[in-house]
Amino acid sequence: MYFTNVQRVCVYLSSSDGLPAHAAAIRALAGEMARRRITLVYGGAHRGLMGVLADEMLARGGRVIGVIPRALVDLEVAHRGLTELHVVDTMHERKALMFTLAEAFIVGPGGMGTLEEAFETLTGMQLGYHAKPIVFLEVDGFWAPLVAFLDHSVRAEVLRPEVRSLFRTASSASEALDALLAW
Ligand code: AMP
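In this report, the structure presented in the accompanying data block is examined. The model shown is predicted, which means the values in this text are computed figures rather than measured ones.

### Points about the site of the ligand
The environment of the ligand is made up of 16 residues, and the closest members are Ser-15, Glu-76, Gly-111, Gly-113 and Thr-114. The contact in question runs from an oxygen atom of the ligand to an N or O atom on the side chain of Ser-14, over 3.5 Å. The separation between an oxygen atom of the ligand and a polar main-chain atom of Gly-111 is 2.8 Å. Computed on the free molecule, the ligand has an accessible area of 490 Å², of which 81% lies beneath the protein chains in the complex. Of all the elements in the fold, those that place two or more residues in the shell around the ligand are α3 (91-101) and α4 (112-126). For the shell around the ligand, the leading source of residues is α4, giving five residues. Along the lines of polarity and charge, the residues of the shell around the ligand split into five nonpolar, six polar and five charged.

Spelled out as structure tokens, the structure:
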């Protein structure tokens with residue numbers, strides 16, 4: 001098995017609150033990342049699950065790097081207590097910088113923005129642009145409909161099985177981090 005040296009993990013997740021179980025899983029993720037001294041890279045917001053993750057990391061003495069576009073500083077309430085906050089000009093720059101700063105990715109419960117970021121990372125891997133691992137953190141079956149859809153896409157012969165296999169889930173924070181390390 002090949003173990004990568006992962007020191008900075010980018011987490012894509014919702015700027016909405018989600019359900020109580022989602023927040024609990026995200027706090028557990030922060031605890032596990034801080035315990036392993038992994039730096040968090042994320043979208044820099046203080047709203048929703050993004051804020052829960054950053055606050056919990058900081059409360060546990062973890063390092064947090066945020067990347068937020070200028071236009072969202074007020075809308076998503078930029079987190080003012082981070083180790084580093086990068087304010088960039090566009091969404092594209094946000095994604096590019098988060099991608100550059102991190103060695104691996106975890107995807108938490110999220111909506112359009114989360115899916116967009118995660119699928120850009122997956123398609124980049126599909127095309128061979130990079131080999132940075134990405135794992136979806138499963139909480140109460142949140143990803144099950146997407147897993148079913150991807151399997152449906154394989155049956156419909158629009159998604160190759162080897163590409164489908166890039167989509168991986170983990171049912172706990174430690175399983176997710178172990179999967180990234182052992183990719
Ligand atoms: P959501 O999952 O919709 O709550 O979004 C999670 C995060 O993704 C938020 O910080 C959004 O601003 C961000 N986001 C939404 N659309 C994009 C995009 N096109 N590129 C980069 N980030 C985005």
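### Focus on the packing of aromatic side chains
Ring pairs (aromatic) are described by centroid distance and by the angle formed between their planes. Taken as a whole and assessed by the stated rule, the structure comprises five aromatic pairs. Judged by centre distance (5.5 Å) and plane angle (10°), the ring pair of Phe-99 and Phe-105 falls under stacked. Relative to Trp-143, the ring of Phe-136 has its centre 4.9 Å away and its plane inclined at 90°; by these criteria the two rings are edge-to-face. Take Phe-136: its relative accessible area is 0%, and that puts it in the buried class. Joined through ring pairs, the aromatic side chains of Phe-136, Phe-142, Trp-143 and Phe-167 make up one cluster. The residue whose ring lies beneath Lys-132 is Phe-99, and the NZ or CZ to ring-centre distance is 4.2 Å.

### Re the sheet that holds strand β4 (residues 84-88)
By way of backbone hydrogen bonds, the strands of a sheet pair with one another, either parallel or antiparallel. Strand order in the open sheet made by the seven strands is β4-β3-β2-β1-β5-β6-β7, with parallel pairing throughout. Each edge of the open sheet carries a strand with a single partner, namely β4 and β7 (169-170). In this structure, strand β6 (residues 134-137) lies alongside β7, joined through two bridges in parallel fashion. Its bridge partner being in β7, Phe-136 is matched across the sheet by Thr-169. In the packing of helix α2 (residues 48-59) onto the sheet, contacts are made with β1 (8-12), β2 (39-42) and β3 (64-69), and the angle to β2 comes to roughly 160°. Sheet contacts for α4: β1, β5 (104-107) and β6; angle to β6, the most-contacted strand, approximately 150°.

### Description of the pairing of β6
Along β6, one buried face is formed by Ile-134 and Phe-136 and the opposite face, lined by Val-135 and Leu-137, is buried too. As judged from the three bridges shared by β5 and β6, these two strands associate in the parallel manner. Following the sheet pairing, Val-107 is matched in β6 by Phe-136. One crossover worth recording links β5 to the parallel β6 by way of α4, and it is right-handed.

### Digging into the packing of helix α1 (residues 20-35) against α2
One can describe the packing of α1 onto α2 by two numbers: an axis separation of 8 Å at closest approach and a directional angle of 35°. In this structure, the crossing between α1 and α2 has a hand that is right-handed. Residue-level contacts link His-22, Ala-23, Ile-26, Arg-27, Leu-29, Ala-30, Met-33 and Ala-34 of α1 to Leu-49, Val-52, Leu-53, Glu-56 and Met-57 of α2. Split into classes, the residues belonging to the contact of α1 with α2 amount to ten nonpolar, one polar and two charged.

### A look at α3
Within the sequence span of α3, burial applies to Arg-94, Lys-95, Met-98 and Leu-101. Within α3, the buried residues cover an arc of 140° as seen down the axis, which keeps them to one side. Counted as exposed and oriented over 90 degrees from the buried face of α3: His-92 and Thr-100.

Criteria and thresholds
Residues numbered from 1 in each chain as written. Predicted model: local features only at pLDDT ≥ 70, side-chain atom pairs only at ≥ 80, totals over all residues. Heavy atoms only, no water. Near = heavy atom within 4 Å. Polar contact = N/O pair within 3.5 Å; in protein donor to acceptor, adjacent residues only side chain to side chain. Areas by Shrake-Rupley, 256 points an atom, 1.4 Å probe, with all protein chains shown as cover. Helix = DSSP H or I, 4+ residues; strand = E, 2+ residues; numbered from the N terminus. Nonpolar A, V, L, I, M, F, W, Y, C, P; charged D, E, K, R; others polar. Phe/Tyr/Trp six-rings, centres within 6.5 Å; stacked < 30°, edge-to-face > 60°. Buried < 20%, exposed > 50% of the residue type's maximum accessible area, 1.4 Å probe, protein only. Lys NZ or Arg CZ within 6 Å of the ring centre and 35° of its normal. Pairing = 2+ DSSP bridges. Contact = heavy atoms within 4.5 Å. Axes fitted to C-alpha atoms, helices over the stretch in contact; angles between N-to-C directions. Right-handed = clockwise from strand over helix to strand, strands pointing away. Left-handed = near helix turned anticlockwise from the far one by under 90°. Arc of directions from axis to C-beta.

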